[in-house]
Structure formats: C-alpha cells, structure tokens
Amino acid sequence: MSRPAFSLIASVLVALAVLAPIGVLVNLSVGADLDLGGQTTAIVANTLGLTALTVLGAVLVGVPMALVTAHTDLPGRHVWLALLAAPLAVPSYIGAFAYFAAFGPGGEVETLTGLATPPIRGLGGAALVMTLYTYPFVLLTTRASLRQLDGSLVDAARSLGLPLGAALWRVVLPRVRSGIAAGALLVALYTLSDFATPAILRLDTFTRIIYVEYNAFGLDRAALLSLQLLVLVAVVLVLESRVGVERETPQRRLEISLRAGVRTGLTAIMVLVLAAALALPAMVFGAWLWRDGAGGFDPMLVWNSAYPALLAAGAAVLVALPVAQAAAAGTAGRWLERIATLGFGIPGIVMGTALVYVGLQLDFLYQTLTLLVIGYVLRFLPLAVGAIRTSVARVDANLIGAARSLGAPPLEAFRRVSLPLILPGVVAGGALVFLEAMRELPATLLLRPTGLETLTTELWQVYEAGYFGRAAMPGLLLIAVSAVALVFMLSGEDRLTRRGSH
Amino acid sequence: MLAIRDLTVRYRDRVAVEHFDLSVDAGEIVTLVGPTGCGKSSVLRAVAGLERPAAGQIRIGELTIDARHDVPPERRRTGLVFQDFALFPHLSVARNIGFRVSDPAVVDHWIAALGLESHRDAMPATLSGGQKQRVALARALAHAPALVLLDEPLSNLDAALKASLRWQIRDALKAAGVPAIWVTHDQDEALSVGDRVGVMNAGRLEQVGEPEQCYRAPTTRFVARFLGDGVFLRGRLSDGGVQTVVDRSVVGDVDAARRVARSGEVDVLVRPHDLDLEPDERGNARVVWGRYEGETRLYAIRLHEGPELQARVSHEVRLAEGQTVQTRISARHALALFGPAEA
C-alpha cells in the first residue's frame, strides 16, 4: 500500500523536472532585448506558413492513402501500409540534407544526369520535405478511424442514389474528421518543433533563429524566442486535447474494389511518394559513399552516439517506472503523467537552450555527458512511460493480492509477478528511447560535451562545412538505425497482442 | 476457526461494512449473499488482509487483527479465489498452482483433484472460464490455507457451467476439510452450497443461519424479499393463531405473532409454493396470467377480496386466464410474520 505513495512522490519530482526548463527559460528571457529589428513578424509568418503548408500537404497525401490501405482490395495492402508509414521513422535532417544536396545548380541530380533542376529551399522546399516525412501521422490516425467505420453506411448512401465518390465525401469524410484532425495536429506539432529542415533549407523559423541566436551568444534572446515558440506549441497541444475520438464497432467492413486503371494510378502515386521520401535520400547518401568511400569515417562516432543513448534509455526507464505506476493507480497520477510527458512537446532546440543555461549556472553540469543524458530523458520520457504504462496496466492489483495471500511477501510478489509482467514494456520503452536519442540532433548539438561528435552532429558539421561526401557513412548508418526503429515500432503492437493471447 | 467481531471497513468517506459479526467453524462453508455493493466483498478483502479494518477484530486461528494490529496477507494463510480468477498470466497452470508449493506431489494431487491433467502446461489465457476457476481453486487449496475465501467465484461463468461447478467447488472444499466464506449475489447459489447463509444489506449482516431457516423464517423483510419471491399478506391474530384473507387455515406461530402484531394485525410472508390452486366455480380468486416453467407453472391470481398473489403449482394443474379458482395455503410450516407495514 506504500508503493503508490512512493510512485506519486517520484512522479511529482519528475513533473517538476520537466517543468523546470520552462521556468529556466522565463528566468533567462527576463530583460532580453525584445527588438529583433522587425524580424519577429517574419519568423512568425515563416513558422506558421511552414506549419500550415505542411499540414495541408500531409492531409492531401495522408487521407487518400489511409482510405486505400484501409478499405480497398489493393493487393498487399499491409506491405503498402508498412512502407507508407516508414518515412515517419526517418529523421527529417536526412531528407532535408538529401534534398538540399540533390537539387539546384551543381546538385547531385545535375551531376549525375545532367538535368538542371530548381533548388529546393525556403518555404516551398521546406514544406515539401516536411510533408514527405509527416504525412504518415495523418495516414495512421485517419486509417484508425476509418477502420472503425461501419461499411453499411456507405452501402446505405449508395442505395439512396449517391455515387461512390459522393458517398465517401458526404458520409465517410465527416465521420473520420476527428481522426484527420488528430493527425494534422501531430503534423503541426512536429513541424513547429523541427529544427533541421528549416535550418538546412534556410527558412527563418523559430527553431532556426533560436540556434542562430545561441551561436551569437544571445542566449537571452534564444530563450525569449523559445518561449514564443512554446506558446504556439501549447496552442496545438490544447487543440489536440480537445479532439475527441469517437468509437463505433463496425458491423461490416467497407471494401471498395478498384478498377484496373484506378489501381495502376494509385500504385504509381504511392511509388512516387516512397521514392521521394525513402529512395532519393538513400540514393544520394549511397552515391556519396560510392564516390568518396568510407575512408574518412571515424567508427568512434557510432559509440559516441550509442553510449549517451544507452545511458538515456536506462535512466528514462528508471524514471518512467514510478510515473507509469502512478498513472495506472489513479487520477492524480494521470495528471502527473501528463505533465511528465510534456517534454515531447518541447522542441529539442528549446530543451537544449534551457539546459545550456542550466549548465552555465550549475558548474558541475556544464558541458557534461550528464546534462546531455538529462536532455534526452526529459524529451523522450513519454516514449518510455507509454510503453511501460501499457504493461503496468496489465498487472491487476488482484494478481498482487493473490500472490500475497498465497504467502509471498511484497518483494517476492514484485519479483515473481509484477516484474515479469512489466519487463516487456520496460525493454520496449528503453529501446524506443535509445533509438530516438541516437538520432536526436538539435539538443545534442547544444548539449554535447566539447569534443564529443556523434553521428548526427557529424552530419551537421559536414553540412556546415560543405564536404558532403563525408556525410555518406553517418547518413547511411542513421538510415539503418531508423530502419531498426521502424521494424521495432511495427512489431511492437503485434508482440503485445500475441503475448496477451497466450 | 474464524471470528469476526464488530468489523467496520471504510473507503475514504464511504462506509462499506459496519458492525459485522460472523464466525466460521472448522470445515464449515458460510455463504455471504446480498445485492451489489452491500459490502460482502469488502468483508473478504478485510479477512484476506487486502483492506485494513477501520474498527473491530478479526481472529483467524491464532492470529488477531484489528485496526492497530495488522498482519500482512502472506501470513494469514487465507486462500483467496477472485471473481476474475487473478491467475498469473505469465505462468502455466502447474506453475500457478505450485506458486509457493515446494512439493511437486501436492501440485499433482490438486491438478488431479480438479481434473486439470490435460491442461497442466497450458497458459491461463488459453483456458475457458470454468477451467480458470478450477485452477484458481486448486491454487488456493494447494497452498494449504487455514481458510478459503471465494469472491463471487461463479459470476464470470455461463449459466450451464455454474450449476455443475458449484458442486465441484463445494465437494473440493469439503474433501479438503477447509472452512470457507463464499460470497455471491445469487440467492440460489447461496442457499444450496452454504452450510450457513449470511444475508447482507447496506454494509450490515441482516441475518445469518441455516439456509432453510433464512428462507423460511427471515427476520427482516429485506431477507424475505432477497431470498425468494413472495408477498406480504395482511393477517389477523385471533384466538388460535393468525389467519389471512385467503382461507381459514392457521398460519404462523401465536407467540411469534404476539411479538410483532399491532392492534391484532400482522404481515404474513406468502411464497408462491405456499399456495395451492384448484379449479372451482365458486372459488375465492381469479387467474390473471399463467406461465409455464417446465416442471411447474406459475400463476398470478387475484383474490376476490384482497390483493394479487403468485402461486407455483405442479405443471399438471392447467388453468385458463380469467378462470375462477379456489386458493388455499398449503404450507405445512409456520409462515414468517412481520409487524404490519404502514399502509
């Protein structure tokens, strides 16, 4: 009976730790020079413009694909779904870097084929690249609501005289609106937070200018901009909490059979999207490897990426355990969980800015691995909490009661009943944090100890220096890590359900 | 074996159990029955040590527990059988049953005793509800409990299974010679498996006694209504005993009637099988409706001078709606009497 109390206290501490960066930013920005020379308007316009265009693009790509993968007789729907969801696992800097290097005068496309292409930069370019890596959010949430739809509704509409297209528009679309909205808000959140795409494609959004200010020793102005960005994030989070997802039990699944022509057209579009999001970056980095070889690659980079990520995974799991336990236990815990998982909404560059300042105030943390690991934990804690919470929820209080009344003291009951049931979630949570931390760029850029180069920071240095050829190995390795993450994400759900049914 | 005295269980501001007294003798099965939320499960949880009593005393064998002296669940030797079975999902049937049993022969014995041989290596999720229930019972008994506590053991099972499993569980408990408290909300179950029945309502024990006694001689109207169908019929206390409007037969005990009567009136509990019906043109009642129940038929009849009653008779007595019948009280035992309700 004392464990929930312990987990509550621990959750309060974690929640405070997550809120701390915001307090730090407020403190830091007090007295900052508000005058950015009229730049603020441009930054807000760019940020909102990029977000709006990306959301629009993601909805236009994601919704039709959700329909195709959920309700048509397209062969290999599940393979298509896995492939179409894959761009979600690719870090945006991989895509942005590839597009930056591939197009425009002197780009890889021109070098290889002699075709002149316009450069992909600025608002349009950034929106295009962001769309390619965020549409899976809309695809997945929309598909989830579509799967709950009763197919008889469409049949009813058609028997009342509506053609299929009109039936989908008038009957299906309004019912999956909240699913689309949920996906669109995730896209907005991701776009607001993303650092690499606008930075590489040279669009002055909040995240890019925060980094510029940070480098210009304008930490107070970086903090002020961070707070302004957080306001936008908060708006999205509030909207997100208001999107209710209604559940219905489908009587009969909707199944649309496609005509041969339509099928070919849809397949062509899906191939095009996958080529743009996955094949093109892989080919650009592959071309560099083929041309420049792997000679200049320092294998230590892999360890430098993996080591802090491992520490972060371990720490995140330890912190997530009491939070998940408290969340499973009651209302107070659920609120604390919400606060503790806010870190996901705090953009990496903002988290980095706040913790850099913490490092400047607390000498023993300045430029240490510890600070980097803290940054990772605060950002990716929600992944660990989510995974562990699912498994904690499986540990019914009655199971512990049963173990106790069979004569097992509390510790033995925990070791023999709770732990084996929680362990899969703990491993999954740790792995998710590890994979995310390995691929993290902005916070790593700001917080890494001097001299520590990871795969992601190496990629960034190469971009800034312009020696693109040296990006080959880090880029391809990060793509490989992303592939592992994807396989892991896709199998995660299966594994849980399989365990549940045996 | 078990003695509960003046037990009170509180959840935050809600009182779940109040002034609860019950004792269970060696080898005895006591069923606790009552509507949902009456506190019967809280009694079990307090005895098992999953809930701390706010007041009162629980004695299990040599152990004494009260609000100040707690004994952790693992030292109470109570075998708890949960409504949702609470089988460890990551352990096989044999490992569940042998959770803390060192002697494999004991595990084998209980696997055989409950007919689980072909499932010994199965995981709980693959078992049917009835199998899970048997595993849960085997697990409790294999740990040699001083007392078994069953929390609605049959409520998650389908009707066909309930009837047979009821007796299997009872036989297993009796064979093991372990006393048990068996909580249920099903009156039939409570009356048929319990050596004694305790009827609970709103956190209090209304009556405890042998099943027949509780059914035939309920001490409160709640117990009367909860354990079976029946109506309260106004009766008059006269020289020899109590008479009702139904017929001249004397029902109920004079002494009992004197205790509860007000201005010569009492309420008599008449259950459907206390009545007999016979077709009779000059009878005292008319048939309102009839229902065929297989072995029996249930009729609603309206007395010419009185209320509507229900009578359960042999299926051979076929009556038409509207038919006039002669009704009489056929019960050979004294009917339960209550002080007259305010009209």
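What you are looking at is a predicted structure, and each value in this text was computed from that prediction instead of being measured. (Residues numbered from 1 in each chain as written. Chains lettered and ligands numbered in written order. Predicted model: local features only at pLDDT ≥ 70, side-chain atom pairs only at ≥ 80, totals over all residues. Heavy atoms only, no water.)

Counting residues at the interface gives 22 residues for chain B and 21 residues for chain A. Along the contact surface separating chain B from chain A lie two salt bridges. Along the contact surface separating chain B from chain A lie six residue pairs in polar contact (both at pLDDT 80 or more). Listed by contribution, the elements that provide at least two residues to the side of chain B that touches chain A are β6 (78–81) and α4 (129–142) of chain B. Looking at side-chain class alone, the side of chain B that touches chain A contains 13 nonpolar, four polar and five charged residues. (Contact = heavy atoms within 4.5 Å. Salt bridge = Lys/Arg side-chain N within 4 Å of Asp/Glu carboxyl O. Polar contact = N/O pair within 3.5 Å; in protein donor to acceptor, adjacent residues only side chain to side chain. Helix = DSSP H or I, 4+ residues; strand = E, 2+ residues; numbered from the N terminus. Nonpolar A, V, L, I, M, F, W, Y, C, P; charged D, E, K, R; others polar.)

With that settled, consider unusual backbone geometry. All names here are of chain B. One non-glycine residue, R12, lies in the positive phi region at around 45°. The residue R12 is located in the loop between β1 (2–11) and β2 (14–24) in this model. Taking relative accessible area as the criterion, R12 reaches 84% and is therefore assigned exposed. Non-glycine residue F85 carries a positive phi angle of around 70°. (Buried < 20%, exposed > 50% of the residue type's maximum accessible area, 1.4 Å probe, protein only.)

With 30 residues, helix α14 (residues 300–329) of chain A extends 44 Å between its outermost C-alpha atoms, agreeing within 8% with the 44 Å of an ideal straight helix rising 1.5 Å per residue. Residue A320 of chain A marks the point of greatest curvature in α14 of chain A, where the axis turns by about 30°; the proline P322 of chain A follows within four residues. (Expected span 1.5 Å × (residues − 1). Bend = angle between axes of the 7 residues up to and from the residue.)

When two helices pack together, their arrangement is given by the angle between the helix axes and by the axis-to-axis distance. Residue and element names in this part refer to chain A. Contact pair helix α4 (residues 92–102) / helix α21 (residues 455–465): the axes reach a minimum separation of 12 Å and the direction vectors enclose 20°. Comparing their axes, α21 and α4 come out roughly parallel. Crossing hand, α4 versus α21: left-handed. Note on element contacts: α21 touches α4 through T456, L459, V462 and Y463, opposite Y93, I94, F97 and F100. Taken together, the residues of the contact of α4 with α21 break down into seven nonpolar, one polar and no charged. (Axes fitted to C-alpha atoms, helices over the stretch in contact; angles between N-to-C directions. Parallel < 35°, antiparallel > 145°, perpendicular 65-115°, else oblique. Left-handed = near helix turned anticlockwise from the far one by under 90°.)

Residues and elements named next belong to chain B. With respect to the helices and strands, D151 occurs in strand β7 (residues 147–151). Buried and unpaired, D151 has R45 as its nearest opposite-charge partner, separated by 5.8 Å. Setting aside residues no more than four positions away along its own chain, D151 makes contact with S41, L44, V81, F82, Q83 and V183. (Lys, Arg positive; Asp, Glu negative; His and termini not counted.)

Moving on to the domain arrangement of chain A. Residues and elements named next belong to chain A. Considered domain by domain, chain A is made up of domain 1 (1–22 + 293–502) and domain 2 (32–287). Both faces considered, domain 1 and domain 2 share a buried interface measuring about 2,800 Å² in area, 82% of it formed by carbon and sulfur atoms. Together, I349, T353 and Y463 form the three largest contributors to the area buried by domain 1 at its contact with domain 2, with a combined 20%. Our enumeration of links across domain 1 and domain 2 arrives at zero salt bridges. Run the count over domain 1 and domain 2 and you get six residue pairs in polar contact (both at pLDDT 80 or more). For the side of domain 1 that touches domain 2, the elements supplying multiple residues, two or more each, are α16 (348–361), α20 (442–447), α21 and α22 (472–500). A total of nine residues in the side of domain 1 that touches domain 2 trace back to one element, the largest contributor, which is α22. Broken down by class, the residue content of the side of domain 1 that touches domain 2 amounts to 26 nonpolar, five polar and two charged. (Domains from an automatic or database assignment. Buried area = accessible area lost by both parts, 1.4 Å probe.)

With that out of the way, let us pick up the packing of helix α2 (residues 39–71) of chain A against helix α6 (residues 122–147) of chain A. All names here are of chain A. At a minimum axis distance of 5 Å, the contact between α2 and α6 shows a crossing angle of 40°. By the angle between their directions, the pair α2 and α6 is classed as oblique. Here the hand of the crossing between α2 and α6 comes out right-handed.

Glancing now at the pairing of strand β5 (residues 63–66) of chain B. Pairing geometry for strand β4 (residues 55–60) of chain B and β5 of chain B, over four bridges, is antiparallel. Residue pairing in the sheet places I58 of chain B in a bridge with I65 of chain B of β5 of chain B. (Pairing = 2+ DSSP bridges.)

Right, let's talk about the nonpolar core for a bit. Among the nonpolar cores identified, the biggest contains 188 residues, and F97 and I200 of chain A together with F20 of chain B are the most heavily contacted of them. Take this core: its biggest share by element is 13 residues, from helix α17 (residues 369–394) of chain A. Beyond its immediate stretch of four places on either side in the chain, F97 of chain A contacts I200, F285, W288, L459, V462, Y463, F468 and A471 of chain A. Grouped together as the second largest cluster of nonpolar side chains are 34 residues, I111, V148, L150 and A172 of chain B included. (Core = buried A, V, L, I, M, F, W, Y, C linked by side-chain atoms within 4.5 Å.)

This part takes up the pairing of β2 of chain B. All names here are of chain B. Across seven bridges, the pairing between β1 and β2 is antiparallel. Of the residues in β2, the one forming a bridge with A3 is S23. From the end of β1 to the start of β2, which pair antiparallel, there are two residues, and R12 there has a positive phi angle of about 45°.

Before going further, it helps to spend a moment on the state of the cysteines. Residue and element names in this part refer to chain B. Overall, the coordinates contain zero disulfides over all chains when judged by the stated rule. C214 provides the cysteine sulfur closest to C38, a residue in no disulfide bond, and the two sulfurs are 14 Å apart. The class for C38 is buried, based on a relative accessible area of 2%. (Disulfide = S-S within 2.5 Å.)

Residue and element names in this part refer to chain B. Spatially, five strands are ordered β15-β19-β16-β17-β18 in an open sheet, and the strand pairing comes out antiparallel. The open sheet has two free edges, formed respectively by β15 (275–279) and β18 (308–314), since each of these has just one partner strand. Averaged over all pairs of adjacent strands, the angle between strand axes in this sheet comes to 40°, irrespective of strand direction. In this structure, β15 lies alongside strand β19 (residues 324–329), joined through five bridges in antiparallel fashion. Paired with L277 across the two strands is T327, which belongs to β19.

All told, the structure shown has 27 salt bridges over all chains when counted by the stated rule. For R263 of chain A, the salt bridge goes to D73 of chain A, with nearest N and O atoms at 3.9 Å. Taken together, the residues R263 of chain A in helix α13 (residues 260–292) and D73 of chain A in the loop between α2 and α3 (77–85) connect sequence positions 190 residues apart. The class of D73 of chain A is partly exposed, set by a relative accessible area of 27%. The closest approach of N and O atoms between R234 of chain B and D267 of chain B, which form a salt bridge, is 2.7 Å. Of this pair, R234 of chain B sits in strand β11 (residues 231–237) while D267 of chain B is found in strand β14 (residues 265–270), placing the two residues 33 residues apart along the sequence. Overall, the relative accessible area of 34% leaves R234 of chain B in the partly exposed class.

So, about the packing of aromatic side chains. Taken as a whole, this structure holds 20 aromatic pairs over all chains when the rule is applied. Relative to W288 of chain A, the ring of F285 of chain A lies with its centre 5.2 Å away and its plane at 85°, an arrangement referred to as edge-to-face. Remark: W288 of chain A and F285 of chain A occur in helix α13; sequence separation between them is three residues, near one turn of the helix. With a centroid separation of 5.5 Å and an interplanar angle of 85°, the aromatic rings of F232 of chain B and F338 of chain B are classed as edge-to-face. Here the residue F232 of chain B occupies a position in strand β11, and F338 of chain B occupies one in strand β20 (residues 337–338), the gap between them amounting to 106 residues. With relative accessibility at 6%, the residue F338 of chain B sits in the buried group. Chaining the aromatic ring pairs together yields one cluster made of F97, F100, F195, Y211, Y214, F285, W288, W460, Y463 and F468 of chain A. Directly above the ring of W335 of chain A sits R338 of chain A, whose terminal nitrogen or CZ lies 4.8 Å from the centroid. (Phe/Tyr/Trp six-rings, centres within 6.5 Å; stacked < 30°, edge-to-face > 60°. Lys NZ or Arg CZ within 6 Å of the ring centre and 35° of its normal.)

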